[in-house]
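Residue-level structure breakdown
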Amino acid sequence: MKRVHPDFARKMGELLEREELDKATQQAKDAIQYWANVITDEIGGLSKGEMPFVIAALRIVADAYGEIDPEVGTMAEAFLGAMKIDAYAFVSKR
């Protein structure tokens, strides 16, 4: 079954067109929080030994997306610099 994810970029673009900056900022936060949750849900509980591999893989994926279009990497860095986003992670006792 294919997952259907929200179209945050389209919604944020519409808000920016209407100059609703506070709502657009909240939309960006919601999008980042959503994707952080999706990724951590998928990864699940990790043993401490697996963590370096996951961190390296996430950085490789992030870099690859940034190389496709450097502007998206710049936007991601701007989001990270401007917003506080909570992420959860847990370590299994295995």
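Quick summary incoming for the structure in this document. (Residues numbered from 1 in each chain as written. Predicted model: local features only at pLDDT ≥ 70, side-chain atom pairs only at ≥ 80, totals over all residues. Heavy atoms only, no water.)

Tallied over the entire structure, the rule returns 2 aromatic pairs. Judged by centre distance (5.5 Å) and plane angle (50°), the rings of F8 and Y34 are tilted. Taken together, the residues span a long stretch of sequence, with F8 in helix α1 (residues 8-17) and Y34 in helix α2 (residues 21-43) at a distance of 26 residues. What makes Y34 partly exposed here is its relative accessible area of 23%. Centre to centre, the rings of Y34 and W35 are 5.1 Å apart; their planes meet at 85°, and the pair counts as edge-to-face. The exposure class assigned to W35 is partly exposed, which follows from its relative accessible area of 36%. Through pairs of rings, three or more aromatic residues link up here, namely F8, Y34 and W35. Its end group placed over the ring of F8, K11 keeps NZ or CZ at 5.9 Å from the ring centre. (Phe/Tyr/Trp six-rings, centres within 6.5 Å; stacked < 30°, edge-to-face > 60°. Helix = DSSP H or I, 4+ residues; strand = E, 2+ residues; numbered from the N terminus. Buried < 20%, exposed > 50% of the residue type's maximum accessible area, 1.4 Å probe, protein only. Lys NZ or Arg CZ within 6 Å of the ring centre and 35° of its normal.)

Counting 5 residues, the largest nonpolar core is built from M12, L15, A24, A28 and M83. Of all the secondary-structure elements, those providing two or more residues to this core are α1 and α2. For A28, the residues in contact, after removing those within four places along its chain, are M12, F79 and M83. (Core = buried A, V, L, I, M, F, W, Y, C linked by side-chain atoms within 4.5 Å. Contact = heavy atoms within 4.5 Å.)

So, on to the environment of Q27. Within the fold, Q27 resides in helix α2. Ignoring sequence-local partners within four residues, the contact set of Q27 consists of F8, K11, M12 and L15.

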